[in-house]
Amino acid sequence: MVRPLTFVGDDAALVEALRAGHPGAAAVFYDRHAEHVRLTLRSVLGPDDDIPDLLQEVFIRALNQIEKLRDVERLTSWLTTIAIFVARAQIRLRSRRSWLRFFSPERTRPGHLEPPSSDARQALREVYAVLDQMPVDHRMAFVLRYIDGKTLVEAAEVCETSLATLKRRLARAERCFVQALVEHPVLMQWSKDGTRWNTQNKT
C-alpha cells in the first residue's frame with residue numbers, strides 16, 4: 001500500500017502522523033505552526049537576523065522530541081516552551097558576542113549614522129535595549145506578559161515554572177524597566193502617554 005504524501009487532519013492526527021513517520025506530516029507541522037513560533041522568537045529577541053535559523057532549530061527540536069508530548073491539546077504551548085528555550089540560548093550567545101565585540105578593533109572605527117526613524121521604531125529599539133540588561137528569566141516573564149500578551153498562568157506554563165515564581169520575576173523585571181526609563185528619552189515620553197509605567201505616578 002502506498003501512503004499519500006499529503007497529510008490532512010487536526011493536530012491530534014498530525015502528532016500521530018509525525019510519530020508514525022508520515023512523509024507529509026513534517027511539512028504540514030511547520031506550515032501550521034511556524035508563524036506562531038516566529039512571532040514568539042521575535043517577541044522575546046526583538047530584531048535578530050538569526051530568527052530564520054532559530055525557527056528551524058525549534059522545529060528540529062520539536063520533531064526530535066515529539067514522542068515526549070503527552071497532551072496533544074498543549075501542542076502550541078509545548079512549541080512555545082521550546083521556542084523560549086531556544087531564544088534563551090540565543091540571548092546568552094549574544095551576551096558572549098557582545099564581550100567579544102568589546103575587545104574588537106571594529107569598535108574603534110567611526111560608526112555610520114542610522115537614517116532617521118519613527119518614534120515607534122526608536123521606542124522598540126529602546127525597549128529591547130532595556131531587556132538586554134535584564135536577567136534572562138526576568139526578561140522572559142516581561143516579554144511573555146507584556147509583549148506577547150499571555151496571562152500569568154500561560155506565561156508560567158510555557159516557562160515551566162510556578163505561578164508564584166513567574167510573578168516574582170515579573171515584578172523584578174517591571175522595577176528594572178521603570179528604573180531604566182530615565183535613560184531612554186523616547187521610552188520616557190511613551191510611558192508618560194500611557195498608564196502602566198507612567199513615571200509621574202510612581203512614588
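Everything below is about the structure shown above.
Not measured: the values here are computed from a predicted model.

A tally of helices and strands in the chain yields nine helices and zero strands. Considering only intrachain contacts with a sequence separation of at least 6, the fraction spanning at least 24 residues in the chain is 55%. Of the roughly 12,600 Å² of accessible surface on the chain, 53% is carried by carbon and sulfur atoms.

Despite not being glycine, glutamate 160 shows a phi value in the positive range, around 55°. Counting through the fold element by element, glutamate 160 comes out in the loop between α7 (152-158) and α8 (163-180). A residue is classified by how much of its surface remains accessible, and glutamate 160, at 57% relative accessible area, is exposed.

For the structure shown, the criterion picks out four aromatic pairs. Both rings, one in phenylalanine 29 and one in phenylalanine 59, keep their centres 5.3 Å apart while their planes meet at 80°; by these two values the pair is edge-to-face. Residue phenylalanine 29 is located in helix α2 (residues 25-45), and its partner phenylalanine 59 is located in helix α3 (residues 51-64); the two are separated by 30 residues in the primary sequence. Using a relative accessible area of 4% as the deciding quantity, one classes phenylalanine 59 as buried. Each ring, one from phenylalanine 142 and one from tyrosine 146, has its centre 5.3 Å from the other, and the planes form 65°; the classification is edge-to-face. Of this pair, phenylalanine 142 and tyrosine 146 both sit in helix α6 (residues 136-147), four residues apart, which is roughly one turn of the helix. For phenylalanine 142, a relative accessible area of 2% gives the class buried. Grouped by ring-pair contacts, the aromatic residues Phe29, Tyr30 and Phe59 constitute a single cluster.

Two elements in contact, α6 and α8, have axes separated by 8 Å at closest approach and are oriented at 90°. Compared by their axis directions, α6 and α8 come out roughly perpendicular. Between α6 and α8, the contacting residues are Asp137, His138, Ala141, Phe142, Arg145 and Tyr146 on the first element and Leu166, Arg169, Leu170, Arg172, Ala173, Glu174 and Phe177 on the second.

How each quantity is defined
- Residues numbered from 1 in each chain as written.
- Predicted model: local features only at pLDDT ≥ 70, side-chain atom pairs only at ≥ 80, totals over all residues.
- Heavy atoms only, no water.
- Helix = DSSP H or I, 4+ residues; strand = E, 2+ residues; numbered from the N terminus.
- Contact = heavy atoms within 4.5 Å.
- Areas by Shrake-Rupley, 256 points an atom, 1.4 Å probe, with all protein chains shown as cover.
- Buried < 20%, exposed > 50% of the residue type's maximum accessible area, 1.4 Å probe, protein only.
- Phe/Tyr/Trp six-rings, centres within 6.5 Å; stacked < 30°, edge-to-face > 60°.
- Axes fitted to C-alpha atoms, helices over the stretch in contact; angles between N-to-C directions.
- Parallel < 35°, antiparallel > 145°, perpendicular 65-115°, else oblique.

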